[in-house]
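# Structure at a glance
Read off the chains here:
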Amino acid sequence: MTGLKSQQLFERGRKVLIEGVSSASRGPSTFGGAPRYMSHGQGARLYDVDGNSYIDWMMAFGALPLGHAHPAVVETVAREVAGGTHFATALQVEVEVAEMLVDLLPHVEKVRFANTGTEAAMAAIRLARGHTGRRKIIKFEGHYHGWWDAVLLNTNPLPPTMFGHPNDPIRIPDSSGIPEEAWRDTIVVRWNDVEALERAMAIHGREAACLVTEGIMSNMGVIPPKPGYLLRMQDLCREYGALFYLDETVTGFRVAAGGCAELYGLDPDIVTYGKALGGGLPMAMIGGRNEVMSGLEWGKVLHYGTHNAGRLALSVTKVMLQTLLANDRAGFSVLRDRGLKMAEAFRTVARASNRHGVICQGVNSMFQIFFTDREVISDFREFCTHVDRLKFRDFTLRLMDKGIYMNPSATLHSLSSLAHSDADIAATAKAMAEVLDEMP
Ligand SMILES: Cc1ncc(COP(=O)(O)O)c(C=O)c1O
């Protein structure tokens, strides 16, 4: 049960905030009622205003690879804030963090900092259009690249009658208020389907500024790419002269030091990062080779922002990278091992319970639980037709009552952090076993 203080805050909040929160994913449309209002976090734990504590597997949608209030982050913020919060000037730490990123990512020679994944994607696509002189962009069903007009198509689960033919998905904006001109040049393609992609590229490839993809489908749970699929996508981009834009907002500094590009051996033309990059503060970046990134020089392709490259956020980014990269990148092994271990612990309790059709899909530190009759969910359409999202919400709300926090939306996913311990994994698995037994 959501505690009394959270209930009261929700009643107060909904009078002055839309749905009592600042993003639909935090409010009643996701929770089915009052969300739990959180007061503070420490390590792997979140604490709500009613005094309940939770092992947090959401980690701010992936923004916290080090966990809550990591000592290095707390010390950095305390030290830096005393010297001023934000200058909107050139900074030493800006150069230092950019050098770290360029050292780390072979496909990145220049970076430009922004604040959120949405902003970075907006700039990246404007840059792709500027660089190629082409208008069309190709995106995939179920892939999310922020909430802005040109890409907010087919990002929510749909009924099968709205899918359209696999070679020609019906394009559906996910919001009112998006004029058709904004997405007229956006082509939507089925993901993880080489033939559909080859066909779409044959039709649109020569007019496409870029193809934008998540490396792992991360906004329909966790759906990994089929072997060789992303490399084929990259080859097709090269063949048709469209830029290959890999959106690493979720996967960057998560699944490997070099993100999906490293994991799947890719050489993207443009990448964007957000979430984990800022270690809990707002930080994002657009990166790529000089030849492409130079389009942003002298405002040829314009990208501005009062809060770009904030010194507090950059200082935390620096310490976050140092922490994950220390001892030969040991942090990434810890993230991966904790994620794999939690996913496996869930599979073990699900097998033992044997009462529900349920699977767990993951890649390194990311995983998601699907209530489904399938052995694997490999694309958006399967997700929409074969994943029981209400049952997942029931599962997560029951887990919350037992002190385990996962976002109730099956379209999202869970994430490990450096702060998750073996004891957290064991406690989570125990609660999961109880919930599976209790659930109808
Ligand atoms: C793949 C991807 N790109 C972009 C974004 C947008 O990032 P932000 O929420 O920081 O604007 C998200 C957010 O979930 C995302 O998952």
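The name recorded for the protein in an unreviewed UniProt entry is Aspartate aminotransferase family protein, from Gemmobacter fulvus. For the protein, the Cofactor (unreviewed entry) comment in UniProt is given as "pyridoxal 5'-phosphate". Within the UniProt record for the protein, the comment given under Sequence similarities (unreviewed entry) is "Belongs to the class-III pyridoxal-phosphate-dependent aminotransferase family."

What follows deals with the overall build of the protein. In terms of helices and strands, the protein carries 15 helices and 16 strands. Against the 2.2 N^0.38 benchmark of 22 Å for 440 residues, the protein shows a C-alpha radius of gyration of 21 Å, consistent with a compact globule. Here the C-alpha coordinates of the protein stretch approximately 55 × 55 × 50 Å along the principal axes. Here the protein holds 440 residues, and the buried ones make up 55% of them. Counted over contacts in the protein with a minimum sequence separation of 6, partners at least 24 positions apart contribute 71%. Surface exposure of the protein reaches about 18,100 Å², of which carbon and sulfur atoms provide 53%. Computing the positive centroid from 45 side-chain charges and the negative centroid from 49, the protein places the two 3 Å apart.

It is worth spelling out the pairing of strand 10 (residues 243-247) at this point. Most of strand 10 is tucked away: five of the five residues are buried. Residues Leu 243, Tyr 245 and Asp 247 of strand 10 are buried on one face, and the alternating residues Phe 244 and Leu 246, pointing to the opposite face, are buried as well. Across five bridges, strand 9 (residues 208-214) lies against strand 10 in parallel orientation. From the neighbouring strand, Cys 210 faces strand 10, where its bridge partner is Leu 243. Following the backbone out of strand 9, through helix 9 (residues 229-240) and into the adjacent parallel strand 10, one traces a crossover that is right-handed. Relative to strand 11 (residues 270-273), strand 10 is paired through three bridges, and the arrangement is parallel. The residue bridging Tyr 245 from the neighbouring strand is Ile 270, located in strand 11.

Here we come to the side chain of His 356. Inspection of the secondary structure puts His 356 in the loop between helix 12 (311-353) and strand 13 (358-363). A polar atom in the side chain of His 356 sits 2.7 Å from the backbone oxygen of Leu 436. Setting aside its immediate chain neighbours within four residues, His 356 contacts Phe 371, Lys 391, Leu 436, Met 439 and Pro 440.

This part takes up the sheet that holds strand 3 (residues 53-56). The strand order across the open sheet built from four strands is 1-2-3-15, with neighbouring strands paired in mixed fashion. The sheet is open, and its two borders are formed by strand 1 (38-42) and strand 15 (404-405), each paired with just one other strand.

Near the ligand, the surroundings consist of Thr 116, Gly 117, Thr 118, Tyr 144, His 145, Gly 146, Glu 214, Asn 219, Asp 247, Thr 249, Val 250 and Lys 275. For the ligand, a nitrogen atom lies 3.3 Å from a polar atom in the backbone of Tyr 144. Take Lys 275: an N or O atom from its side chain is 2.9 Å from an oxygen atom of the ligand. Against a free-state accessible area of 390 Å², the protein chains account for coverage of 83% of the ligand. Of the residues that constitute the shell around the ligand, the class distribution is two nonpolar, seven polar and three charged.

Let us look at the pairing of strand 2 (residues 45-48). Covered by surrounding structure in strand 2 are Leu 46 and Asp 48 only, the residues Arg 45 and Tyr 47 on the alternate face being uncovered. Both strand 1 and strand 2 contribute to a ladder of four bridges, which runs antiparallel. Counterpart to Gln 42 in the pairing with strand 2 is Arg 45. Between the antiparallel neighbours strand 1 and strand 2 lie two residues, among them Gly 43 with a positive phi of about 60°. Sheet analysis places strand 2 next to strand 3, joined by three bridges and oriented antiparallel. Considered in strand 3, the bridge of Arg 45 is made with Ile 55.

Parameters and conventions
Residues numbered from 1 in each chain as written. Predicted model: local features only at pLDDT ≥ 70, side-chain atom pairs only at ≥ 80, totals over all residues. Heavy atoms only, no water. UniProt positions renumbered as here; feature names shortened; annotations may be inferred. Helix = DSSP H or I, 4+ residues; strand = E, 2+ residues; numbered from the N terminus. Rg over C-alpha atoms; globule rule 2.2 N^0.38 Å. Buried < 20%, exposed > 50% of the residue type's maximum accessible area, 1.4 Å probe, protein only. Contact = heavy atoms within 4.5 Å. Areas by Shrake-Rupley, 256 points an atom, 1.4 Å probe, with all protein chains shown as cover. Lys, Arg positive; Asp, Glu negative; His and termini not counted. Charge placed at Lys NZ, Arg CZ, Asp CG, Glu CD. Pairing = 2+ DSSP bridges. Right-handed = clockwise from strand over helix to strand, strands pointing away. Polar contact = N/O pair within 3.5 Å; in protein donor to acceptor, adjacent residues only side chain to side chain. Near = heavy atom within 4 Å. Nonpolar A, V, L, I, M, F, W, Y, C, P; charged D, E, K, R; others polar.

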